[in-house]
Amino acid sequence: MISTILLIVKILVLIGILMTGFAYTMLVERRFLGFFQLRLGPNRVGPGGLLQPLADGLKMALKEDLMPTGADPMIYRIAPVLSLFAALSVDAVIPFGAPIHLFGQTINLDIANPSIGLLIAFAFSSLGIYGIVLGGWASQNKYSLLGGIRASAQMISYELAMGLSVLGVLMMAGTANLERIVFAQQARGWFVIPQIVPFVIYFITAIAETNRTPFDLPEAESELVAGYHTEYSGIRFAMYIIAEYINMLTVSGLAVTLFLGGWLGPSFLPPILWFVIKVAILVFVFIWIRATFPRFRYDKLMSFGWKVLLPISFLYFLGTAAFVSGIL
Amino acid sequence: MFDGVKAMTKGLGVTFKALFEPRDTISYPEKRREYSPRFRGKHMLAKDADGHELCVGCGLCEAVCPAHAIRVVAAAAPEGKPVSWTNRYSVDYEVDLIRCIFCGMCEEACPTNAVRLTPFNELAASNRLDMIADKEELLHPPVKK
Amino acid sequence: MTPFVILAILAIIGALGVVVAKQPVHSALFLVGNILSLAVLYLLLSAEFLAVAQVIVYAGAIMVLFLFVVTLLTAGKEEGEPKEQLGGQRWLAGVLSLAVGIALAVLAIRRPGPRIVSGLPRNFGNLHGMGLILWGPDFLYLVGIAIMLLTAGLGVLVLNRPVRRKDARSQRRNEA
């Protein structure tokens, strides 16, 4: 009974954290983009613009929910929900901190701790493509359709390299349980040191998986208006945006868990804060990259994924396998 | 390939440096930019040192205005109250700020240097009628020149 | 029992939807629903790795490729269904598939496999157990399937290779 209540509370808290996290990631991104471009960024609503997300949310919620004629009504409505669902559910398996003791109970700082947590995270994140492809298809708009098709091709291509890049960590830790991966790093140092190449590849593919600049071809505004969410408005548009930013937080959280030692850190700060700090640094790098690089050309993107990232990560994977199994 | 990585690192460095450089924008209503005194913004009607209006109602500005934005009604100055420095003045002087193209021809044409374009440029109203500046408004400009 | 019944009904709805739906995209989505309910069924059978692999491979990759192709090909097309060539083939197919299903069920109940009779082995269905099976007794099958898939992939590459200029010229001569 108590464990059920605890679980529900944890789920609600996690969703709350993710939603505020999304809101403030967006604010931080907009302000930092401003700073990178020698502007000030949004600083009007509330002190330093702190209430901007609230204003944005209110505006989104009050806007009309439009649906183009000729759109597939069922799929058009479901697609953004799918996107958001996939984005939120991945975070269920990420451990945010070491287990804490409260009121005589040991509380794990994750929703679930399955033995194949890493694979479950990948399974859910692979479902996120559907929201984008279906949204693009259901809108009956050629730009949306092109965006959706690009998204499916891009995300499948980069998912392979992403999967291969984390296999090294999986072999070194000897488990796919995210908590035990962190404990393995406690014993043997952060995996980013032996796995620096997979880490870089993981980060590049993570940018591609979250459809962010320079891999934002599905929503390339210079050629596709807004890509797959061209026709969306109001709360459904907001769902796509929320999904995008939560995906960004999620892939950063996974990167921290797999390569950067999760919640580990010197003891003058609580573990959960270390986790947050590491995620924040990665999110900053996301924004920094967005402010710096121009968009890929589509064929370059594909050949980069298949001919550069995939072979490199495969070779490194084979090397790690040989090393771990003791052949080398 | 290494050239590419080098170039990308350099690019990241450039953007990172931009974080600490002075901003190109300002938080507008609190801080305002200094405009050149020759900036052509909203009109004003000047007075001389004694408080007499300089405008004599000659109508040259009305004639020269390429946008027909100015309307001047001239009259003989009333005897008792010295509004003008001479015996003629403008009873009514209107500038339609929607039509005005801020070319400054009126300023050039004015023989008494009465009409001047000030650097004030916050021209906004929620009503077309409010955009027609009457004489009273022009005599009390937010920015003098 | 209840979860099984719910999942089974969902899976059957998905499977029927694939066949019945008019829009190819709807068919693909029904198939995804079917795959997902099967994945949860695997979870109930404590084959967690299989469940996750089902989602990652089938729902996450193969069905997305399906959707990719379907959305590319059917974009903006509003065609009525062409007239059926063979009368009554739907009914025949339904009856036959039902018969096959019943036969399989009878066979499974009358003669259960040795692994089912002896109970679940240790580590059944998780990463470790799956690895032990795949790289142990079933290794030959794994290699066989790998070679088969590789051959298929190579075949596609060979069949789709761009025509060499010399071949193209001789082809044109033949046509002329």
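The sections below set out a description of the structure shown in this document. (Residues numbered from 1 in each chain as written. Chains lettered and ligands numbered in written order. Predicted model: local features only at pLDDT ≥ 70, side-chain atom pairs only at ≥ 80, totals over all residues. Heavy atoms only, no water.)

## A look at the overall build of chain C
Part 1 of the argument: For chain C, the count of helices and strands is 8 helices and 0 strands.
Part 2 of the argument: Taken from N to C terminus, the helices and strands of chain C fall in the order α-α-α-α-α-α-α-α.
Part 3 of the argument: Counting only residues that meet the buried cut, chain C has 18% of its 176 residues in that class.
Part 4 of the argument: Here the analysis covers contacts within chain C between residues at least 6 apart in sequence; of these, 52% occur between residues at least 24 apart.
Part 5 of the argument: Accessible surface, chain C as shown: approximately 13600 Å² in total, 71% of it carbon and sulfur. (Helix = DSSP H or I, 4+ residues; strand = E, 2+ residues; numbered from the N terminus. Buried < 20%, exposed > 50% of the residue type's maximum accessible area, 1.4 Å probe, protein only. Contact = heavy atoms within 4.5 Å. Areas by Shrake-Rupley, 256 points an atom, 1.4 Å probe, with all protein chains shown as cover.)

## Here we look at the layout of surface pockets
Part 1 of the argument: Empty space within the second largest pocket amounts to approximately 1000 Å³.
Part 2 of the argument: Surrounding the second largest pocket, 30 residues form its lining, Val200, Ile204 and Phe304 of chain A together with Val5 and Met8 of chain B being those nearest its centre.
Part 3 of the argument: Residue contributions to the lining of the second largest pocket peak at 8 residues, all from helix H7 (residues 196-209) of chain A.
Part 4 of the argument: In terms of residue class, the lining of the second largest pocket is built from 26 nonpolar, 2 polar and 2 charged. (1 Å grid on protein atoms, 1.4 Å probe; cavity = no way out; pocket = protein on both sides within 12 Å on 5 of 7 lines; lining within 4 Å. Points joined across faces, edges and corners; volume = space filled by probe spheres on them. Nonpolar A, V, L, I, M, F, W, Y, C, P; charged D, E, K, R; others polar.)

## A few points about H7 of chain A
Residues and elements named next belong to chain A.
Part 1 of the argument: Helix length check: H7, at 14 residues, gives a terminal C-alpha distance of 20 Å against a target of 20 Å (1.5 Å per residue), a fit within 8%.
Part 2 of the argument: Burial analysis of H7 places 10 of its 14 residues in the buried class, the great majority of the element.
Part 3 of the argument: Inspection of H7 places Pro198, Phe199, Ile201, Tyr202, Phe203, Thr205, Ala206, Ile207, Ala208 and Glu209 among the buried residues, and these make up the whole buried set.
Part 4 of the argument: Taken together, the buried residues of H7 touch helix H5 (142-173), helix H9 (234-259), helix H10 (271-292) and helix H11 (298-325).
Part 5 of the argument: Once H7 ends, the next one or two residues include Asn211, with phi positive near 55°. (Expected span 1.5 Å × (residues − 1).)

## Remarks on the pairing of strand E3 (residues 88-96) of chain B
Residues and elements named next belong to chain B.
Part 1 of the argument: Pairing of strand E2 (residues 70-76) with E3, which is carried by 7 bridges, proceeds in the antiparallel orientation. Counterpart to Ile70 in the pairing with E3 is Val95.
Part 2 of the argument: By the bridge criterion, 2 bridges tie E3 to strand E5 (residues 132-133) in an arrangement that is antiparallel. Bridging across to E5, Val95 finds its partner in Ala133. (Pairing = 2+ DSSP bridges.)

## Some thoughts on the packing of aromatic side chains
Part 1 of the argument: Counted under the stated rule, the structure contains 25 aromatic pairs over all chains.
Part 2 of the argument: Both rings, one in Phe85 of chain A and one in Phe124 of chain A, keep their centres 6.0 Å apart while their planes meet at 85°; by these two values the pair is edge-to-face. Taken together, the residues span a long stretch of sequence, with Phe85 of chain A in helix H3 (residues 73-90) and Phe124 of chain A in helix H4 (residues 117-138) at a distance of 39 residues.
Part 3 of the argument: The class for Phe124 of chain A is partly exposed, based on a relative accessible area of 26%.
Part 4 of the argument: By the ring-pair criterion, three or more aromatic residues cluster together here, those being Phe32, Phe35, Phe36, Phe284 and Trp288 of chain A together with Phe16 and Phe20 of chain B. (Phe/Tyr/Trp six-rings, centres within 6.5 Å; stacked < 30°, edge-to-face > 60°.)

## A word on the environment of Phe4 of chain C
All names here are of chain C.
Part 1 of the argument: Within the secondary structure, Phe4 sits in helix H1 (residues 2-20).
Part 2 of the argument: Residues Phe4 and Leu44, spaced 40 residues apart in sequence, show a C-alpha to C-alpha distance of 8.0 Å.
Part 3 of the argument: Filtering out sequence-adjacent residues up to four positions away, Phe4 remains in contact with Leu41 and Leu44.

## A look at the interface of chain A and chain B
Part 1 of the argument: At the junction of the two partners, chain A supplies 14 residues and chain B supplies 16 residues.
Part 2 of the argument: Regarding the contact of chain A and chain B, the summed buried area is about 1300 Å², with carbon and sulfur atoms giving 70% of it.
Part 3 of the argument: Run the count over chain A and chain B and you get 1 salt bridge.
Part 4 of the argument: Secondary-structure elements contributing two or more residues to the side of chain A that touches chain B are helix H1 (2-36) and H10 of chain A.
Part 5 of the argument: Ranked by residue count, the leading element in the side of chain A that touches chain B is H10 of chain A, at 5 residues. (Buried area = accessible area lost by both parts, 1.4 Å probe. Salt bridge = Lys/Arg side-chain N within 4 Å of Asp/Glu carboxyl O.)

## Looking at a nonpolar patch on the surface
Residue and element names in this part refer to chain C.
Part 1 of the argument: A surface patch of nonpolar side chains, about 880 Å² in accessible area, is lined by Met1, Phe4, Val5, Ile6, Ile9, Leu10, Ile13, Phe30 and Leu44.
Part 2 of the argument: Looking at the nonpolar patch, the elements that each hand over two or more residues are H1 and helix H2 (24-44).
Part 3 of the argument: Tallying contributions element by element places H1 first for the nonpolar patch, with 6 residues. (Patch = residues over 30% accessible without salt bridge, like charges linked within 9 Å, V, L, I, M, F, W, Y side chains within 5 Å.)

## Description of the nonpolar core
Part 1 of the argument: Ranked by size, the top nonpolar core spans 117 residues in total, and within it Phe22, Leu118, Tyr130, Leu178, Tyr202, Leu258 and Phe259 of chain A carry the most contacts.
Part 2 of the argument: Apart from the residues within four sequence positions on either side, Phe22 of chain A is in contact with Ile241, Ile242, Tyr245, Ile246 and Leu249 of chain A.
Part 3 of the argument: Listed in part, the 24 residues of the second largest apolar core include Met44, Ala69, Ile70 and Leu97 of chain B. (Core = buried A, V, L, I, M, F, W, Y, C linked by side-chain atoms within 4.5 Å.)

## Description of unusual backbone geometry
Part 1 of the argument: Cis geometry marks the peptide bond from Thr213 of chain A to Pro214 of chain A, where omega comes out at 5°.
Part 2 of the argument: Note that Pro214 of chain A resides in the loop between H7 and helix H8 (221-224).
Part 3 of the argument: Phi angles above zero are rare outside glycine, and His68 of chain B is one such case at about 50°.
Part 4 of the argument: As for its position among the elements, His68 of chain B is in the loop between helix H2 (60-64) and E2.
Part 5 of the argument: Phi angles above zero are rare outside glycine, and Asn113 of chain B is one such case at about 55°.
Part 6 of the argument: Within the secondary structure layout, Asn113 of chain B lies in the loop between helix H3 (105-109) and strand E4 (115-117).

## Some thoughts on the environment of Leu66 of chain A
Residues and elements named next belong to chain A.
Part 1 of the argument: Positionally, Leu66 belongs in the loop between helix H2 (52-62) and H3.
Part 2 of the argument: Residues Leu66 and Met19, 47 residues apart in the sequence, show an inter-C-alpha distance of 24 Å.
Part 3 of the argument: Residues within four places of Leu66 in sequence aside, it is in contact with Tyr76, Glu231 and Ser233.

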